[in-house]
Amino acid sequence: MSLAESLRLTVSRTQTRLKEDLVGPKGIIAAFGILLALAAPFVLREFQLSVTLQILIFILAVSSWNLLAGYFGMFSFTHAALYGVGAYATVISAAEFGIPPLVALAIGGLVAGLFSLPITIPALRLSGSYLAMVTLAFAEIIHLAVITFRDVTNGPTGYTGFAPMFGGDRVTFYYFVLVLVFVLLIVQYALLVSRFGLIARAIREAEDAAQMLGNDTYRHKLVGFFIGSALAGVAGGLQAYNILIISPPMLELNQMIQFMAMSIIGGLGTFSGAILGVIAVVGVAELLRGVIEQRLLIWGLLLMLIILFFPDGIAGSTTQRDILKQQFDGFTDLFGDTKERDK
Amino acid sequence: MVDLLLVLQQIFNGILFGGQLALVAVGLTLIWGVTRILNFAHGAMFMMGGYAGFLTFELTGNALLALPGAVLVVFVLGMVTEFGVVRRLRDRDNAEFAAIIGTFGLAVVLENIIRGSPLGSTRRTLPTIVPGVWEVGPFFFVAEQVYLFVVALVALGLLFAIIKYTRLGMAMRAVAQDQNTAKLMGVRSDRIYAITFGISAALAGLAGALLAPIFNIYPSVGWQPFLLAFIVVIIGGLGSVRGTLIAALLIGVLRSVSLTFTSSQQTSMLLFLAMIVILIVKPTGIGGVIDG
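Residues numbered from 1 in each chain as written. Chains lettered and ligands numbered in written order. Predicted model: local features only at pLDDT ≥ 70, side-chain atom pairs only at ≥ 80, totals over all residues. Heavy atoms only, no water.

Examining the overall build of chain B
Okay, step 1: A count of helices and strands for chain B gives eleven helices and two strands.
Okay, step 2: Each helix and strand of chain B, placed in order from N terminus to C terminus, yields the pattern α-α-α-α-β-β-α-α-α-α-α-α-α.
Okay, step 3: Taking 19 Å as the expected radius of gyration for a compact globule of 292 residues, we find that chain B reaches 19 Å, a close match to that expectation.
Okay, step 4: Out of the 292 residues in chain B, the part that is buried amounts to 56%.
Okay, step 5: Within chain B, counting contacts between residues at least 6 apart in sequence, those at least 24 apart form 78% of the total.
Okay, step 6: Element-wise, carbon and sulfur atoms account for 68% of the exposed surface of chain B, whose accessible area totals about 12,400 Å².
Okay, step 7: The centroid of the 17 positive side-chain charges in chain B is displaced by 7 Å from the centroid of its 12 negative side-chain charges. (Helix = DSSP H or I, 4+ residues; strand = E, 2+ residues; numbered from the N terminus. Rg over C-alpha atoms; globule rule 2.2 N^0.38 Å. Buried < 20%, exposed > 50% of the residue type's maximum accessible area, 1.4 Å probe, protein only. Contact = heavy atoms within 4.5 Å. Areas by Shrake-Rupley, 256 points an atom, 1.4 Å probe, with all protein chains shown as cover. Lys, Arg positive; Asp, Glu negative; His and termini not counted. Charge placed at Lys NZ, Arg CZ, Asp CG, Glu CD.)

Concerning the interface of chain B and chain A
Okay, step 1: With 41 residues of chain B in contact, the opposing surface of chain A contributes 37 residues.
Okay, step 2: When the two sides are added together, the surface that chain B and chain A hide from each other amounts to roughly 3,500 Å², 83% of it contributed by carbon and sulfur.
Okay, step 3: The three residues of chain B that bury the most area against chain A are Ile101(B), Phe104(B) and Met269(B), which together make up 16% of that side's buried surface.
Okay, step 4: Applying the counting rule to chain B against chain A returns zero salt bridges.
Okay, step 5: Joining chain B to chain A, the criterion identifies zero residue pairs in polar contact (both at pLDDT 80 or more).
Okay, step 6: Of all the elements in the fold, those that place two or more residues in the side of chain B that touches chain A are α3 (66-90), α4 (95-116), α9 (223-236) and α11 (264-281) of chain B.
Okay, step 7: No other element matches α4(B), which puts 15 residues into the side of chain B that touches chain A.
Okay, step 8: Here the side of chain B that touches chain A is composed, by residue class, of 28 nonpolar, eight polar and five charged. (Buried area = accessible area lost by both parts, 1.4 Å probe. Salt bridge = Lys/Arg side-chain N within 4 Å of Asp/Glu carboxyl O. Polar contact = N/O pair within 3.5 Å; in protein donor to acceptor, adjacent residues only side chain to side chain. Nonpolar A, V, L, I, M, F, W, Y, C, P; charged D, E, K, R; others polar.)

Quick word on helix α10 (residues 217-243) of chain A
Residues and elements named next belong to chain A.
Okay, step 1: Relative to the 39 Å expected for 27 residues at 1.5 Å per residue, α10 spans 38 Å between its end C-alpha atoms, a close match to the ideal helical length.
Okay, step 2: Counting buried positions along α10 yields 20 of 27 residues, so the element is predominantly enclosed.
Okay, step 3: Backbone geometry just after α10 places leucine 244 at a positive phi near 55°. (Expected span 1.5 Å × (residues − 1).)

Quick look at the pattern of salt bridges
Residues and elements named next belong to chain B.
Okay, step 1: A complete count under the given rule lists four salt bridges over all chains for this structure.
Okay, step 2: Note that glutamate 82 and arginine 87 form a salt bridge whose closest N and O atoms lie 2.9 Å from each other.
Okay, step 3: It is possible to trace a salt-bridge network through shared partners that takes in Glu82, Arg87, Arg90 and Asp190.

Focus on a nonpolar patch on the surface
Residue and element names in this part refer to chain A.
Okay, step 1: On the surface, Ile34, Leu38, Val179, Phe182, Val183, Ile186 and Val187 cluster together to form a nonpolar patch covering roughly 560 Å² of accessible area.
Okay, step 2: Put simply, the parts of the chain that give the nonpolar patch at least two residues each are α2 (25-43) and α8 (170-193).
Okay, step 3: Within the secondary structure, valine 187 is located in helix α8.
Okay, step 4: In this structure valine 187 comes out as partly exposed when scored by relative accessible area, which is 45%. (Patch = residues over 30% accessible without salt bridge, like charges linked within 9 Å, V, L, I, M, F, W, Y side chains within 5 Å.)

Considerations on the pairing of strand β2 (residues 139-142) of chain B
Okay, step 1: Going residue by residue along β2(B), you find Phe139(B) and Phe141(B) tucked away on one face and Phe140(B) and Val142(B) left uncovered on the opposite face.
Okay, step 2: The hairpin turn running from strand β1 (residues 133-136) of chain B into β2(B), its antiparallel successor, is two residues long, and Gly137(B) in that turn takes a positive phi close to 60°. (Pairing = 2+ DSSP bridges.)

A word on the nonpolar core
Okay, step 1: Phe75(A) and Phe77(A) are the most contacted members of the largest nonpolar core, which has 200 residues in total.
Okay, step 2: The element that contributes the greatest number of residues to this core is helix α3 (residues 46-72) of chain A, accounting for 17 residues.
Okay, step 3: Contacts of Phe77(A), omitting those with residues within four sequence positions, involve Ala132(A), Thr135(A), Leu136(A), Ala139(A), Leu253(A), Met256(A), Met260(A), Phe40(B), Ile100(B) and Phe104(B). (Core = buried A, V, L, I, M, F, W, Y, C linked by side-chain atoms within 4.5 Å.)

Observations regarding the packing of α3(B) against helix α8 (residues 189-215) of chain B
All names here are of chain B.
Okay, step 1: One can describe the packing of α3 onto α8 by two numbers: an axis separation of 6 Å at closest approach and a directional angle of 140°. Viewed along their axes, α3 and α8 adopt a mutual orientation that is oblique. As α3 packs across α8, the resulting crossing turns out to be right-handed.
Okay, step 2: Classifying every residue of the contact of α3 with α8 gives 18 nonpolar, four polar and four charged. (Axes fitted to C-alpha atoms, helices over the stretch in contact; angles between N-to-C directions. Parallel < 35°, antiparallel > 145°, perpendicular 65-115°, else oblique. Left-handed = near helix turned anticlockwise from the far one by under 90°.)

Topic: the confidence of the model for chain B
Where the model shows low pLDDT, its predicted coordinates should not be examined in detail.
Residue and element names in this part refer to chain B.
Okay, step 1: Across chain B, the average pLDDT comes to 85, with 97% of residues at or above 70.
Okay, step 2: Within chain B, the element-level pLDDT minimum falls on β1, averaging 80, and the maximum on helix α2 (residues 42-60), averaging 92.
Okay, step 3: The ipTM assigned to the predicted complex is 0.79, against a pTM of 0.79. (pLDDT = per-residue confidence, 0-100.)

As for the pairing of β1(B)
Okay, step 1: Two elements, β1(B) and β2(B), share four bridges in a ladder whose sense is antiparallel. From the neighbouring strand, Val133(B) faces β2(B), where its bridge partner is Val142(B).

Some thoughts on the environment of Arg150(A)
Okay, step 1: Assignment of secondary structure puts Arg150(A) in helix α7 (residues 150-153).
Okay, step 2: We classify Arg150(A) as exposed; its relative accessible area is 51%.

Section: the packing of helix α9 (residues 195-212) of chain A against α10(A)
Residues and elements named next belong to chain A.
Okay, step 1: Contact geometry for α9 and α10: axes closest at 10 Å, N-to-C directions at 140°. Taken together, the axis directions place α9 and α10 in an arrangement best described as oblique. The element α9 and its partner α10 pack so that their crossing is left-handed. For the pair α9 and α10, contact is made by Phe196, Ile199, Ile203, Glu207, Ala210 and Gln211 and by Thr217, His220, Lys221, Val223 and Gly224, respectively.
Okay, step 2: Looking at the contact of α9 with α10 residue by residue, the classes come out as five nonpolar, four polar and two charged.

As for the packing of aromatic side chains
Describing an aromatic ring pair means giving the distance of the ring centres and the angle of the ring planes.
Okay, step 1: Taken as a whole and assessed by the stated rule, the structure comprises 18 aromatic pairs over all chains.
Okay, step 2: Summarising the aromatic geometry, the rings of Phe72(A) and Phe196(A) are spaced 5.7 Å apart at their centres and angled 65° between planes, so their arrangement reads as edge-to-face. In this pair, Phe72(A) sits in helix α3 while Phe196(A) sits in helix α9, placing the two residues 124 residues apart along the sequence. With respect to class, Phe72(A) is no different from Phe196(A); both count as buried.
Okay, step 3: Grouped by ring-pair contacts, the aromatic residues Trp65(A), Phe75(A), Phe77(A), Phe40(B), Phe104(B), Trp223(B), Phe226(B) and Phe230(B) constitute a single cluster.
Okay, step 4: Across from the ring centre of Phe17(B), 4.3 Å away, lies the NZ or CZ of Arg255(B), which sits over that ring. (Phe/Tyr/Trp six-rings, centres within 6.5 Å; stacked < 30°, edge-to-face > 60°. Lys NZ or Arg CZ within 6 Å of the ring centre and 35° of its normal.)

Written as structure tokens, this is what we have:
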């Protein structure tokens, strides 16, 4: 089988697979979930509604990290920082410049996306541990900058007391978040089943091979990183309006740990994993509230145990991964051989 | 006009600090060089060293015994980490990524176990070994800093001697160069990996106990030196012990001088930026041994 044929086969099989996911049992479960989510404000109390809001917002943040780490294999530690940047940009443009919150949210996403560019342009030439280190450094720089530049960010105190969306009507806000997150999930899904998403996975499995097949992998990574970061920024903006206070801890490593834990527990590189992981982790965290104060300890333990014993997480069915892996092994082996010969 | 004496004084202070920084950074670069794994729990090892030293001091009442106590405990902890976590992830397709998650998780766990225990309730410290300030001409040296520097140099000298002259060191170099060939030559690479992890952790642990009189010990104390070590390792060249040493002194000096004129946040930002610039201009760093 030639290389081009192999790739074409991969493309068609993956597309079938993803379409089956959408219309099959998983689709029905998803539809049921949507119905439940729509009914939520009628059956839930105020506190439960705010937990549900939290879940929705985290789903957006985690799925956008999953887009980078799970599909492209770009292991970014900057995500929480960009989520924070989005929150700050949204609040500042709404509170200081009187821009309507809806537009401010878009600005938050855009600013987070723009912030990702100085990170990605140098960092995307690196991979693996190097990318992790550089993105961690950038996250630290952004975090320190937020604390340092008080004139813009209010320093360590952060922002509070800004006007809520929809005049403080929580139910309307809930539906707004539900619809927005749903739409953005659909957009991500569409992106991932498209050619773009397939190239993303090709980059993850074997960047050299993807490049040799004529794909501009650098450009794809750049665009992917921009989109992922912008979505994180929107999630940050929503979170700002959800909790009505923003301060530097939003950008801290702890937040990043939380996103990573959710994504990996759910199943990195699976679309439903991002959603299931958030529901599981936030659900468990809320159940444990009051019982165990050490929530970070639990997250750390879960991270370790999951990566040691269930590397595919809740959603990662081994069969699906095996099929993908077989297909990719086909052409990575080809290149692996030439590399060995060259030595 | 900038005060020249002040700058010179800060350069001296920076060199002293750089020696301590090297202790942390060399461990990080050693693990990478031998196993191609980035240990995100390295800062936690630093923290554990501080607490092990503190406990040894509490039990024996002798501050000098805190150092061997810390080294021993964290050496074992490093071996256990390799055996319990890293070994299980090393042979996976995505070993690099899995090891980051695994060791990162471990760091969070260790930090929060300490935080939850009675140990983490307050900041701990160790008594200074060599109190006082020495005056040399127009310059001042904190005696403790000089002592720390000397201990760090001795520890690093020992490490060099081990790497260069012992069978263990030869085996480490062999595994670093080519794991499979080393195996064929009868090197038990699994054992070498575990020992390397132990040594690297012990260096961080030693640093943790050494710096305790100056910086105190608290559950999240390891992150700052860890991030600094990151910068050093990148600038020095991942995997190059010699490059890391030079970079540690450079960063120590840069940090001290910058702290004189700017805030600590601005200094950190400057250091991170320096690292990023180096990565773009010369990804292999000063030592230049990495191969990706």
